[in-house]
Amino acid sequence: MTVAAPAAADAAASANTVFEPRLVAFVCKWCTYAGADLAGTSRMLYPPNVRVIKLPCTGRIDIAFIIRAFSQGADGVIVSGCHPGDCHYSAGNFRARRRWTLFRDLLDILGFDLRRFQCAWISAAEGTKWAATIRDFTEEMRALGPYTAMRQLAGERGAPVAPRAAVWHGRPARREPEPSADPATRARSEALAGAIAAALTDKSIAAAVGWTLSPTLRRPRPLWITAPEEADRLGLPGDSDGNLARLLKHPQLTVRPLGMVVRHAEMQALNVLRQESQVAEQDVVLFAVARDGRFLGRLDWDAAVAALAADAEGRVNGFSPEVEAEVSRVLALPSAERWDYWRTQFARCIKCYACRNSCPMCGCEVCLADKNQPQWFPTAADGPGNFAWHVIRAFHLAGRCVGCGACQAACPAGVAVNLLGAALARSAAGHFGHHAGASHQDLPLQAAFRTDDRESFIK
Amino acid sequence: MTATTASRPATILSRAALDTWCAALIADGRRVVAPVAGATGVDYQELAAGGIPSGLGEGLPHQSPKATWFPRTEPILRLERKGQEWTVSDPDADQTRTVLFGVRACDALAPEILAPLFGWDWHDPFFENRRARLALVVLGCTKAVDEACFCTSVGTDPSGTGIGDVTLTPLAEGSFAAEANSDEGERLLALAGAAGAPADPAALARTRADARAAVPVRFDPEQARAGLAARFGDKLWEKVSRSCLACGTCAFSCPVCHCFDIQEEMCGCQGVRQKNWDACAFPHFTLHTSGHNPRPDQGTRWRQRLNHKFRYFPEKFDRTLCTGCGRCLRLCPAGMDMLADLQVVAEGAQAAAGPTVPMPTAGPAVAVTQAQDNPYRPYRMRIVQVRDETPDVRTLRLEFADPEQATGFSFQVGQFGLYSAFGEGESTFCIASSPSRSGYIECTFRQAGRVTRALRRLDVGDLMGFRGPYGNRFPVERWKGKHLLFIAGGIALPPMRCVIQWCLDHRADYRDITIVYGARTPRDLVYQDELAEWERRDDVNLWLGIDWKPRADGKDLSDQAAAEGWPAINQAEPGATVLDPAQRRRTAFVPQLVEAVKPSPADTVAVLCGPPVMINFTMQVLKKVGFAPDDVYTTLENRMKCGIGKCGRCNVGPVYVCKEGPVFTAAEIARLPPEL
Amino acid sequence: MARIGVFICHCGENIARTVDCSSLAKAVLGIPGVRFAVDYKYTCSDPGQQMILAAIREQRLDGIVVAACSPSMHEATFRKAAMIAGLNPYLCEVANIREHCSWVHDDKPAATAKSLDLIRIMVEKVKRNQELKPIKVPITRRALVVGGGISGIQSALDLANAGIPVALVEREPSIGGHMAQLSETFPTLDCSQCIMTPRMVEVAQHPLITLHTYSEIEKVDGYIGNFTVTVRKKARSVDLKKCTGCGTCMQKCPQKKLPSSFDAGLGQRTAIYVPFPQAVPNKPVIDRANCTRFTTGRCGVCQKVCGPGAIDFEQQDELVEEKVGAVVLATGFQLYGIGEQSEKMLKGYPEYGHGHIKDVIDGMQFERLASASGPTAGEIRRPSDGTVPKTVVFLQCVGSRDPAKGISYCSKICCMYTAKHTILYKHKVHDGKAVVFYMDIRAAGKGYDEFTRRAIEDDGALYLRGRVSRLYQDGGQVVVSGVDTLSGRNVELRADLVVLATAVRPQPDARTTAQLFSVGYDASGFLNEAHPKLRPVETAAAGVFLAGACQAPKDIPESVAQASAAASKVQILFSKSELEREPTVARVHRAAPPLYSICQGCFACAGACPYQAIEHEELKDRRGQVIKTVARVNPGLCQGCGTCVATCRNKAVDLDGYTDDQVFAEIAALGAN
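Residues numbered from 1 in each chain as written. Chains lettered and ligands numbered in written order. Predicted model: local features only at pLDDT ≥ 70, side-chain atom pairs only at ≥ 80, totals over all residues. Heavy atoms only, no water.

1. Overview of the overall build of chain A
Helix and strand counts for chain A come out as 15 helices and 9 strands. Its C-alpha atoms give chain A a radius of gyration of 25 Å, near enough to 23 Å, the size a compact globule of 459 residues would have. Oriented by its inertia axes, the alpha-carbon framework of chain A measures out at about 80 × 50 × 40 Å. Among the 459 residues that make up chain A, the fraction classed as buried is 64%. (Helix = DSSP H or I, 4+ residues; strand = E, 2+ residues; numbered from the N terminus. Rg over C-alpha atoms; globule rule 2.2 N^0.38 Å. Buried < 20%, exposed > 50% of the residue type's maximum accessible area, 1.4 Å probe, protein only.)

What follows is the structure, given as C-alpha cells:
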C-alpha cells in the first residue's frame, strides 16, 4: 500500500525488468535467525529480497504484524521458527501454529492469495533450508508479480458513498407486538417479571437486566433495574438479536449478583466469559427464556445451559441457517471473487464500532482500535482501515464468537460482520473440535494447544 | 445554489423519465447518488452508468448521504519525507460534481445546516468545495416512514418544497412534479429531456400540505431547549442512557452530526493527515491524556448529544442541529430513543427567549485571518533549540522553515497552537513564549502520548509542524495598573509563561507581580533558569512550592526537603501565616502556599492554571481571601483536534474552548456546565 | 531518543566485498534521527570500539546501531562499549549485514540496498528502545532435593557438605530408594547395602539436612532463587519424637501377611512396619489402608504395647513450607513390574502369562532373592515351592526397545544387571544352568563389557540371541518357547525360574511432578533437560535441576555423577547473593486511576505462558476496595518469549526489548526508502 499511486512499482512490473518482490520474514531468534546465520557462514547464496525482523519466539508474532507488513507494501510474508518440540520457550511455537492455522483460514475466507503468506519451521542447523526456502519463495513471488490487492484497498480511500453492488446485510426494521395484544405473550412476560421482582425483593440479586420496548418504535431494548417495582417494565426479548451478556461489561452496572434474562445466545456468551474469568457463577442469577418466550425458570448455571441447549434443538452455535448458507455460498466463490465480496462489504463500514460495542465478547477495557502506540489499525474508515479492523476483530473472536448475531443486527451500514465469525467457527470446529460457548470448562482456543495440532501447511 | 426570484412552474415527469434523467446526468459527467433498493431496504448508492434509482420512493435509505459532503475519512494534508526533510501539501480537491438524486428533505437540509459551522471564521475548504459541487434533487415525502419521523418538529418540510435545487413531488398517478428551486436546478432539469406537462399548482400545493400534515409534530423545539437547560443535572440522563453501548451509530447515521477526529498515517515516506468521523458517545472523545474525562459516563455523553443538537447549536447558529430523519432511533442497536427523551424534557418546560447560558467575553477574541486556503495546513517549523526542563518535560524553540511565512505571522498572549510531529499527529499546547520576544515560538510539553513521544525523538535542525495561533487571549491591556498574581502547578506553568513574559517585558504597565508555582519535587519544576532569574528580580515575588508528600513506604521526606532548602509551612495556623520573604522555597501544596502568601484581592488580577484538583482548592482559597470570580483568570486545556471550532470535541455548553477560550474568568467557568 | 549513531563495519573484506560501505554510511544519514554515521574496517577491534566510545561521547548519541556481523557474534561486545561510554547497553542494536547479507548475496547494489533496509529497521527499533536494567533476583541459599534414592542422597550430601542447608523430601517411610533393595552392584559385585547404608545414616545425621520422609510435594510457588514449596508430611500414626524404634509394635501387630514392597512382593510385613531393617529413619509407620484399627476400628494392639506411647491414631497430615532457592529433582524410576502388586503393569504381555505364573519374576525380585537381607536370606529359591531352581532363564528387553509396547527406548541397565544375576546365581547354585535371551548386549562402560564376558566365559551363562514368544506353566516348570536367531532354530526350554529384565519406566506420577515444577517431560514421562547436550542437568524451569533416573534410565555411577553435577549447579547459582536476569521480560499495563490497568483479567496470557509467570493481582482503590483482578508478570519467572503479548487481545501486556511499538516501527521502516 502506498498513499500515492504506486506508479513506480507498476511501471517496473510492466517493463521488461524482472519484478523484485519485497519479502518480510518474522523469525524467532533461537532457530530461524540462527539458521539464517548458518546460511551466511556457509556462504549459501540466495536472493536479496527478504528483510528479517527478529523476535524472541514465533509465539511473539502477532497476526497484526503480518497484516501491517502487507499493508506497508510487502509482496510476501514468511513466518518461521523452531520445529515443534524444539521451542526455546518449550511451547511458543505450538501456540503460533494454532494462530497461523486460524489466520490462514481467515485469509482464505477473505480470498487472500495464501501463497503470499508462508509458514516454515527452520532450525538453527538448517541453513540450507533457510536459503532454499527464501530462494523458492522469492521465485514464486517473482512469478506471481506485485501484490496489488492491498493497494487497491488504499485506492478506495475516502470513498464518499457506499460502494456499488455491495449486498446490504443489515436486518430489516421490525416492530414487536404489544404484549397487551396477546394474552399468551402477556402471561409469559408476567411470569418472567414476577420471578425477577421476587428475586429483587428477597435480595438474592442486586439488579436485573432484561428487555423492554423502546418508547417510540416499540423495539426490544435492554433494560436494567434495581427495584422490584420496576420489574413490570420488563418484557420478553422478542426476536432481538442483542445480547444481554454484553451488559456485564457496562461500566455502570457493577453490582452483583446480577439477575439476567438469558436465551441460548446469552448462555453461550456467558460460558465463554466464564472461561475467561469475566464472570463467576455467583455473579449472575439466570432467568432462562425459551425461543418462543416461555419462561423456563430461575436456573443454576448447568441447568440453564442444559435447558437452553435443549431449546436450541442441538444447534451448537447461534449462527442462523441464513448466515450459514451465505457463508457456504461465499466460501464456494473463487478466491478473487471472495476478495471482491469482502472488499465491497468492508467498504460500507463507517467504523462506528457498533459491532464491537454490541458484542458480548468484545470486552476489552480499551480496544486495540483505540490504542495509538503503536497505531494498531489505520484509523480511517476506508479500504485499509476497515480491512484491518474487521480482520483483526474476527481473529480476536476466533474460537470465541458464539454466533449470537448482535454485531450483525447492530451494524447500521449492513456489513456482513457475522459471516467472518461463522466461517471461523467452522475452522475452530474443523481443526480443533472447538465450539465456542458450548461449556464454561473449555480451554480458550488460542491460549491452548495440542502437540498434534495440524501443521501440514507449514513447510 | 442561488435562489432565483422568477417563479418556475413545476413540470410532470414519469417514473421512466426520472431514470432517463439520471442517465443524462451521468452522461453529463456528474456523479449521481441515488436511493437503490435492496432485499432489506434502500441505500444511497452511486449509480453506475445505466444504473437507475430503483429505491426512489421506497422509504428512507438506511444511511444518510452525509458522506457526499462530509466523507467518513477525508484527507486534509499530504506529507512527504525525503531523508530528514518534510514537505506538506494540500490534497487534490474533489472536482466531481455530484447530484444527490431523490434525496429526502431531511437529508437534503443537512449541508445547509452545517454551512455556518464550516464557514464560521475559518472556512473549511473541504466541506465548502464538496457542497459547492453538490446538487440536490429532493424527493418529497407523502407520509411518515414510521413513528420515528419527526422532521416537522424541527422545522423540516417533508414535502421538500423549496429545498435543494429541484423538488420532486410524487403525484397520485405515479408520476412526479419537478420544480426547480435554483439556477442549478434549472440546468439539471434541462438535462431531463423534453419538458413534461406543467403541474397544476393548486393540486401540487394540496399534495404538499397533505405531506406536511402526514408527519405529526411531536415536540416543540423551543420547549425542548428550555427543558434541556432546566433538567441538565437531572437523574434522567443516567437512567435513559443505561442501555447505551457507547458506539457511534447515532452520530454516524445522523446527517448533521459533524464531529471529527484528525489522524495521520504514514506508508513508506508518504503520509496523509485526515479527518475521520467521531462521535460524542465514544468514551475517548473527551478523554484527556492525564486520564481525566470531563464526561465520564454515557449519561453525560447522551446529555451532551441532545444539548448540542437542541440547545447549544441553535443558540449559536439559530438552527436546530437535527433534521428529524429519525435514523438515530431506527439504527441504534440498543434502542436509545432521542425522540422520547426530548418529549420528556420538553413536557411542561417554559420556552426560554434568549440563550440559556450567557456567552463568555472575558478573554477578548482575536480577529481571524485565514492565511491559507487550507486552515488545517501547518507551517513547517525548524527546531532551533531543545531544552530539557525535567526528565520528561521538554521545551522546543521553533522558527519558520519558510522565512516569508514568518513575516505575516503574529500571535497574542494566551493563544495556543497545534504542534505536529509529521507522520504521527498533532497535539495542542499554548504558545509558551511571549509575542514580545519575536522571531520564534516555544512550546513546552510533557511526554505522554504518541505525538509527544515522537516530538521527543526530534532534535535541533529537524522539521515539525505548527498551526495557529488559535483562541482568545489574556486581556493584558485591561490589567494595566493592577497587581498581578500568577498561580501555576506542575506542567501548567508553560501556558502561563507567555503572559508572565509579556508582563515582565511591559513591567512598567503593572504594579506588583507575584508568582506562586509548585510541583511535586524540586526536579519537576520547569524553567529552572527563568525561575532563578525571577527569583533574583526584586520586582517579582516568586514563591515556589513542592509537595513532597510522605511516600508510599511511609517515609516522610519533609526533613530531607527542609534540609535541601524547602522548609514546611506551619500547618497549624496556615491562615495566620505570612511567609518570610527571605524563605521563598517551601514544602507546600500550591493552595496552601497561596493561602500562606496571603495575596490581597484589592486591585489584583489572579491568573490560575493547573490540574483540576489544584484549581479547585486554590479557587476556594482565593474566594476566602476575597477575590471576585471576575478577577480570576484561567486557561483551559480541553481535548482539541481542529483548534478552529469545527471538530466539536472541545464543546462545553455554548462554548467551543478553542474559539471562545482558552482564556476564561472563574465567573464564566462557574456558569458553564461542569464538564471541564 | 533523537541522536542515533550508525557504525558500519567492513569486516575486512567480508562485508565490504559485497556492500558499498562508504556510500551506505552516506545513505544512512537520510534516516530520520540518524545524526552520525561512519564506516570502519573492523568495528569489533579495539580501535573500532574506541571509535564508538568517542562518537557516543562527542556526538552525545543516545542510541547506536552497529551494522556488522550477527548479533550472536558481537552484540555483547558493542553493548559493553556503549556501557563504557555511559550509554545504557540496551540502547545498542546490531544490524546483521554479514551473515544475513554480504555473505549470502553477490549483487553489490542489491546487497547495499538491503543493508540500508536492515540498518533502517534497527534505527527505528533503537529509537524506541528503553533503558533496561538487568533484573536482580534475591536468592534464598537453601536447596530442596526431591527423592531420597542414591541420586537425591548424593545431591543432598554434596550440597550440605558445601555448607548449603538442604531439605530432602522422600515419599516412602525411609530413604534409600531402589539401591537399598539391590543385592550386589555391577561391575564390581560389591554389596549394595554396604555402600548405601552409611550414606543414608550420614544424611540422617547431617546438621544441614532436614529430612522429610513419608512426605510429598503439595505445591510449588515462586521462581528461581525464591521457591516456596509446600510439603505434605503424611500422617505416620507414629510420633517420631517419642518412638524409640524398639520394634515391639511390629512384633505384636496381628496383621502380618502384607506383601513387602521393599522385598518386591516376595516377603511379608506387618501393618505397622519399617520397610527394612536399615531404614532411615528406623521408626515404623502404620499402613492405614491395611491396619485393622483403621479399616474396622477394632484392634489397637500396637498402642497398648508401645511403652513410650508413640502410637497416635489421630495424627493428621502436616503441611510444611520450605523456602528454597533451587530444587534438585531426583524422583527416580520404577520398573515395568510383574506380580500381584504391579499386575497392571504387565497387561501388555499375555504371552508371558500376565504375571500369573508364580515362577516368572522380575529383576528386582531376583535382587531380593539374591540379597542376604531378603526373604530367603540370600538363597535362590523359587517363589512357588521354595525349591532351588536348577534352570533359570533370563529374558532381556521385556518392554524396552519395543514400540509396540509403547517403549521405544533402551532401558540401559538390564544387560548389566542380567549378567550380574547370572553370576550371582551361578555363585550360589553351582550346578544351575543360566540361560539368557538377549537382543543385543549393550555393555558400554568402564569394566562393563569385561563383566558380561565374565558371566559368559567364567561363569558359563548361556547367552542366546533371540526372543521368547511364549511362557507357560507345565507341571512344576515354566516352558520357555522362543527362537535363537543366530542359528535360526526354534528353542523350547523348561525352566524352574524365569527372570524378566523389565523396562525402566518413569514414576507413574512423573508428569504431575513435572507440572508442579514447570519442567518439561518427554512422551514417556521422563523429565526433560534444558538442552540434551549442553544443559543436561538444567531444566526449562530456571533453578530446577535433574539428577538420576527421573530424566532417563541410568545406572548408579551415572546417577551419582549427575547428582553431584546438579549439586554443583546449585552451588554456582548460590555463589552470588543476587541473580541477574535479562531484562527483556513482559509487563502488564498499569495506569493511574480511574483506569488502573487496561488488563481485563481474562488470563489468556496465563494459558499461553510456558513458565507460570503470570500471577493474579488485585488492584485496589485508595480505600482498599478491590477494583479488579488483573494479570501481573513475575519478572523472576518470565523468560521473555512474548507469547502472552501476541495472545493478549488488547495488548495489556507488552515485552520490554521487543515492544509492539518497536515491531510496528520496524515494519514501517521497510516501506520507507
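2. A look at the domain arrangement of chain A
All names here are of chain A. Split into domains, chain A comes out as domain 1 (7-155), domain 2 (182-311) and domain 3 (321-432). Just the C-alpha atoms count here: the centres of domain 1 and domain 3 sit 25 Å apart. On the domain 3 side, the residues contacting the 23 residues of domain 1 number 27 residues. Here domain 1 meets domain 3 over a buried area of about 2400 Å², counting both sides, of which 76% is carbon and sulfur. Across the contact surface, domain 1 and domain 3 share 1 salt bridge. Notably, a salt bridge pairs Asp108 with Arg338, separated by 3.2 Å at the nearest N-O pair. Viewed at the interface, domain 3 and domain 1 are joined by 8 residue pairs in polar contact (both at pLDDT 80 or more). The biggest single contributor to the side of domain 1 that touches domain 3 is helix H4 (residues 92-109), with 9 residues. The residue makeup of the side of domain 1 that touches domain 3, split by class, is 14 nonpolar, 3 polar and 6 charged. (Domains from an automatic or database assignment. Contact = heavy atoms within 4.5 Å. Buried area = accessible area lost by both parts, 1.4 Å probe. Salt bridge = Lys/Arg side-chain N within 4 Å of Asp/Glu carboxyl O. Polar contact = N/O pair within 3.5 Å; in protein donor to acceptor, adjacent residues only side chain to side chain. Nonpolar A, V, L, I, M, F, W, Y, C, P; charged D, E, K, R; others polar.)

3. Concerning H4 of chain A
All names here are of chain A. The end-to-end C-alpha separation of H4 is 26 Å, in line with the 26 Å expected for 18 residues at 1.5 Å each. For H4, a buried count of 17 out of 18 residues is recorded, marking the element as mostly surrounded by other parts of the structure. Downstream of H4 by one or two residues, Gly111 has phi in the positive range, about 80 degrees. (Expected span 1.5 Å × (residues − 1).)

4. Some remarks on the nonpolar core
Counting 309 residues, the largest nonpolar core has Phe26 and Leu270 of chain A together with Ile119 of chain C as the members making the most contacts within it. When residues no more than four places from it in sequence are discounted, the contact partners of Ile119 of chain C are Val6, Ile8, Leu24, Val28, Ile31, Val65, Ala67 and Ala95 of chain C. (Core = buried A, V, L, I, M, F, W, Y, C linked by side-chain atoms within 4.5 Å.)

5. Notes on the interface of chain B and chain C
Each partner contributes to the interface: chain B provides 14 residues, whereas chain C provides 17 residues. When the buried surface of chain B facing chain C is broken down by residue, Gln84, Arg457 and Asp459 of chain B rank first, second and third, together holding 49% of it. The tally of links between chain B and chain C comes to 4 salt bridges. Taken together, the connections running from chain B to chain C amount to 6 residue pairs in polar contact (both at pLDDT 80 or more). In terms of residue class, the side of chain B that touches chain C is built from 3 nonpolar, 4 polar and 7 charged.

6. Here we look at the interface of chain C and chain A
Every contact between the two is made by 56 residues of chain C and, on the other side, 57 residues of chain A. For the pair chain C and chain A, the summed buried area comes to about 4900 Å², and 58% of that belongs to carbon and sulfur atoms. Contact with chain A buries surface across chain C, with Arg649, Tyr658 and Phe664 of chain C losing the most and accounting together for 16% of the total. Inspection of the region where chain C meets chain A yields 7 salt bridges. The closest approach of N and O atoms between Lys628 of chain C and Glu365 of chain A, which form a salt bridge, is 2.6 Å.

7. What about unusual backbone geometry?
Most peptide bonds take the trans form, and the phi angle of most residues other than glycine is negative. Along the chain, Gly468 of chain B connects to Pro469 of chain B via a cis peptide bond; the corresponding omega equals -5 degrees. With respect to the secondary-structure elements, Pro469 of chain B resides in strand E17 (residues 463-470). In this structure, Pro594 of chain C follows Pro593 of chain C across a cis peptide bond, with omega equal to 5 degrees. In this structure, Pro594 of chain C sits in the loop between strand E31 (586-588) and helix H16 (604-608). A positive phi angle, close to 80 degrees, is found at Cys299 of chain C, a residue other than glycine. Checked against the element boundaries, Cys299 of chain C lands in the loop between helix H9 (292-296) and helix H10 (301-305).

8. Looking at the pattern of salt bridges
Inspection of every chain in the model, using the stated rule, returns 109 salt bridges over all chains. The shortest N-O distance in the salt bridge between Arg35 of chain C and Asp459 of chain B comes to 3.9 Å. Residue Arg35 of chain C is found in strand E2 (residues 34-40), and its partner Asp459 of chain B is found in the loop between helix H14 (450-456) and E17; the two belong to separate chains. Relative accessible area serves as the criterion here: at 18%, Arg35 of chain C is assigned to the buried category. Taking the relative accessible area as the measure of exposure, Asp459 of chain B reaches 9% and is therefore buried. In this structure, Asp474 of chain C engages Arg494 of chain C in a salt bridge whose closest nitrogen and oxygen atoms are separated by 2.7 Å.

9. Examining the state of the cysteines
Note on terminology: disulfide describes a covalent bond linking the sulfur atoms of two cysteines. All told, the structure shown has 2 disulfides over all chains when counted by the stated rule. Covalent S-S linkage joins Cys31 of chain A and Cys82 of chain A, the inter-sulfur distance amounting to 2.4 Å. Note on the Cys31 of chain A and Cys82 of chain A pair: the S-S dihedral is about 105 degrees, so by sign convention the disulfide is right-handed. Of this pair, Cys31 of chain A sits in the loop between strand E1 (23-28) and helix H2 (32-41) while Cys82 of chain A is found in the loop between strand E3 (76-81) and H4, placing the two residues 51 residues apart along the sequence. Cys31 of chain A gets classed as buried once you look at its relative accessible area, which sits at 9%. Given the relative accessible area of 4%, Cys82 of chain A is considered buried. One disulfide bridge connects Cys191 of chain C with Cys194 of chain C, the sulfur atoms lying 2.4 Å from each other. Residues Cys191 of chain C and Cys194 of chain C share a disulfide whose torsion about the S-S bond is about 80 degrees; that sign makes it right-handed. You can call Cys191 of chain C partly exposed: its relative accessible area is 25%. We note that Cys401 of chain A lacks a disulfide partner, and the nearest cysteine sulfur, in Cys407 of chain A, lies 6.3 Å from it. For the unlinked cysteine Cys44 of chain C, the closest cysteine sulfur is that of Cys9 of chain C, found at 5.8 Å. (Disulfide = S-S within 2.5 Å.)

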